Amino acid sequence: MLDSDFVRQQFPALAGDWVFFDNAGGSQTLQAVVDRLSDYLLTSNVQLGASYEVSQKSGERVAEAAQAIATLVNAADPSEVVMGSSTSLLFRILALCLGQTFEPGDEVIVTNCDHEANIGCWVDLKDQGITVKFWSINPETLELDLADLEPLMTPRTRLVAVTHTSNILGTINPIRAIADFVHERGALICVDGVAYAPHRLVDVQALDVDFYAFSFYKVYGPHYAVLYGKRDWLVRLPRFNHFFIDGEQTPYKFQPGNVNFELSYSMLGLCDYLSAFARTHEGESVAPNLRGQMEQAFERISQYEEALSDRLLRYLTQKPNVRLLGNPTSDRTQRVPTISFVIDGVDSATIPIKVDAHKIGIRYGDFYARRLIDDLGLSAKNGVVRASMVHYNTLAEVDRLIQAFETLF
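Computed from a predicted structure; not experimentally measured.

Novice: I'd like a description of the overall build of the protein, backed by residues and values.
Specialist: For the protein, the count of helices and strands is 15 helices and 13 strands. On C-alpha atoms alone, the protein measures out to a radius of gyration of 21 Å, which is about the 22 Å that the 2.2 N^0.38 rule sets for 409 residues. Its C-alpha atoms put the protein at 65 × 50 × 35 Å along the principal axes. Residues counted as buried form 56% of the 409 residues belonging to the protein. Sequence-distant contacts in the protein: of pairs separated by 6 or more residues, those separated by 24 or more amount to 67%. Accessible surface, the protein: about 16,400 Å² in total, of which carbon and sulfur atoms supply 49%. Each charge sign in the protein was given a centre, from 35 positive and 51 negative side chains, and these centres are 3 Å apart.

As structure tokens, this is what we get:
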């Protein structure tokens, strides 16, 4: 299904002794990304907008990057793509701007299973008289149920904020169905795609979301992020930039100090990789355009990652003292290979440090989904143990992790 030799050669860090299973916290970086970043800094590192040739080249490169990221998420236009240092910051900017269009008594709904990035910025709107409600996961299935959302929504509901994939549970939420439900009731939807984007190709138009964000440092790039917003909304929102930046100047109106030029340009390296991946795996059947190649790449990636999930899930579910959180099946339509668990009578903090000795990187904690961990009663255990895989991992590495676990529980 996947040429692991080709894939792993694109990630220099994988040449070492360590196995990286902390990818939901941050993936390894593509050589192609580093090459693009280096080339920008060494050949076109000047301010945009001047008449001289190098400045013109720099501007063209940053514009090319915006178009590439628009293609990556299937935005209708690059003006719908806002880039910044992190998903947390971009959501905070969005909440500050969108919140100015709300009136006291308006309502926002958040979940208890999101990363705090897509909760706290909305909860803080309480200070201006906004009512914040929580849509909680079903305690039995650990899934979000639209039947539980319906009674929360009223004519005053302005926004529903939800995660595409929980960074604890690994569960893929049915975003299009949620978006349709929310839109039918006159509200907007804001989606955190951080835990989804490394594993599946994002399509904001197919999802019909109003806002969607994720971080590139979890999608094989640098510490950088993107926020998609429907252009009609971005134009309508108050600016975050200087007073003389016109409201039509999106995304610049949300990017004080402008984007980071070199990090923006470096993300063309991700597009280079996905294109090369498709050509390598599809041969003469490769799609004729970049978006099609991205689709082919992620289709094969998701199939391969399902096999990785299956190997580890089969092991964990047979252990009577292990409680798996999230869908126990490896079905790629239901989950990504981010797998969390707790062990009966064992503090989660004690496990990763023992796995360290095997040169395998995993992690424990709440992963900034503190409200979910609290609601599940797992704070006293120091949260969960999490092994998060991506397509550059191998079945042999999963077996190596299983062997390490065998010495512990």
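Novice: Could you give an account of the nonpolar core, with specific residues and numbers?
Specialist: What tends to happen in soluble globular proteins is that the nonpolar side chains get buried as a cluster. With 110 residues, the main nonpolar core has Tyr-212, Phe-214, Leu-312, Ile-362 and Phe-405 as its most contacted residues. Of the residues forming this core, the biggest block, 10 residues, is contributed by helix 12 (residues 290-317). Once residues lying within four places of it in the same chain are set aside, the contact partners of Ile-362 are Phe-21, Ile-351, Pro-352, Val-355, Val-385, Arg-386, Ala-387, Leu-401 and Phe-405. With 31 residues, the next largest nonpolar core counts Phe-91, Phe-211, Trp-233 and Phe-254 among its residues.

Novice: An account of the packing of helix 2 (residues 31-43) against helix 11 (residues 268-282) is needed here, citing residue identities and associated values.
Specialist: At a minimum axis separation of 7 Å, helix 2 and helix 11 run at an interaxial angle of 140°. Comparing the axis directions of helix 2 and helix 11 gives the class oblique. Relative to helix 11, helix 2 is oriented so that their crossing is right-handed. Contacts between helix 2 and helix 11 involve Ala-32, Val-33 and Arg-36 on the former and, on the latter, Leu-268, Gly-269, Leu-270 and Asp-272. Its residues placed into classes, the contact of helix 2 with helix 11 shows 4 nonpolar, 1 polar and 2 charged.

Novice: Residue-level account of the sheet that holds strand 6 (residues 188-192), with values.
Specialist: Read from one edge of the open sheet, 7 strands run 2-8-7-6-5-3-4, paired in mixed fashion. Each having just a single partner strand, strand 2 (81-84) and strand 4 (131-135) make up the two edges of the open sheet. If you compare each strand with its neighbour and ignore which way they point, the axes differ by 20° on average. When strand 5 (residues 157-163) meets strand 6, the two strands line up parallel, connected through 5 bridges. Note on strand 6: the bridge partner recorded for Val-162 is Val-191. On the sheet, helix 3 (residues 53-73) packs against strand 2, strand 7 (211-215) and strand 8 (225-229) and is oriented at approximately 110° with respect to strand 2.

Novice: Outline the layout of surface pockets, supporting the account with residue identities and numerical values.
Specialist: Taken as a whole, the largest pocket encloses approximately 350 Å³ of empty space. Considering the residues around the largest pocket, the lining is formed by 21 residues, among which His-115, Tyr-217, Lys-218, Phe-367 and Tyr-368 are closest to the centre. Every element with two or more residues in the lining of the largest pocket is listed here: helix 4 (87-99) and strand 12 (363-365). With 3 residues, the top contributor of residues to the lining of the largest pocket is strand 12.

Novice: Help me get a handle on the packing of aromatic side chains, residues and values and all.
Specialist: What the rule picks out here adds up to 17 aromatic pairs. With a centroid separation of 6.5 Å and 75° between ring planes, the pair formed by Tyr-212 and Phe-214 is classed as edge-to-face. As far as burial versus exposure is concerned, Tyr-212 and Phe-214 are alike and both buried. Ring centres of Tyr-220 and Tyr-392 lie 6.1 Å apart, and the angle between their planes is 65°; this geometry places the pair in the edge-to-face category. Separated by 172 residues along the polypeptide, Tyr-220 in the loop between strand 7 and strand 8 and Tyr-392 in the loop between strand 13 (384-388) and helix 15 (395-406) bring together distant segments of the chain. Grouping residues by exposure puts Tyr-220 and Tyr-392 together as buried. Taken together, the ring pairs in this structure connect Phe-6, Phe-11, Tyr-220, Tyr-273, Phe-277 and Tyr-392 into an aromatic cluster. Above the ring of Trp-233, the side-chain terminus of Arg-236 is found at 4.1 Å from the ring centroid. Positioned over the ring face of Phe-367 is Arg-386, at 3.7 Å from the centre of the ring.

Novice: How would you sum up the side chain of Ser-79? Please name residues and give values.
Specialist: One can find Ser-79 in the loop between helix 3 and strand 2. A distance of 3.1 Å separates a polar atom in the side chain of Ser-79 from a polar atom in the side chain of Arg-231. Beyond its immediate sequence surroundings of up to four residues, Ser-79 is in contact with Arg-231, Leu-234, Thr-250 and Pro-251.

Criteria and cut-off values
Residues numbered from 1 in each chain as written. Predicted model: local features only at pLDDT ≥ 70, side-chain atom pairs only at ≥ 80, totals over all residues. Heavy atoms only, no water. Helix = DSSP H or I, 4+ residues; strand = E, 2+ residues; numbered from the N terminus. Rg over C-alpha atoms; globule rule 2.2 N^0.38 Å. Buried < 20%, exposed > 50% of the residue type's maximum accessible area, 1.4 Å probe, protein only. Contact = heavy atoms within 4.5 Å. Areas by Shrake-Rupley, 256 points an atom, 1.4 Å probe, with all protein chains shown as cover. Lys, Arg positive; Asp, Glu negative; His and termini not counted. Charge placed at Lys NZ, Arg CZ, Asp CG, Glu CD. Core = buried A, V, L, I, M, F, W, Y, C linked by side-chain atoms within 4.5 Å. Axes fitted to C-alpha atoms, helices over the stretch in contact; angles between N-to-C directions. Parallel < 35°, antiparallel > 145°, perpendicular 65-115°, else oblique. Left-handed = near helix turned anticlockwise from the far one by under 90°. Nonpolar A, V, L, I, M, F, W, Y, C, P; charged D, E, K, R; others polar. Pairing = 2+ DSSP bridges. 1 Å grid on protein atoms, 1.4 Å probe; cavity = no way out; pocket = protein on both sides within 12 Å on 5 of 7 lines; lining within 4 Å. Points joined across faces, edges and corners; volume = space filled by probe spheres on them. Phe/Tyr/Trp six-rings, centres within 6.5 Å; stacked < 30°, edge-to-face > 60°. Lys NZ or Arg CZ within 6 Å of the ring centre and 35° of its normal. Polar contact = N/O pair within 3.5 Å; in protein donor to acceptor, adjacent residues only side chain to side chain.

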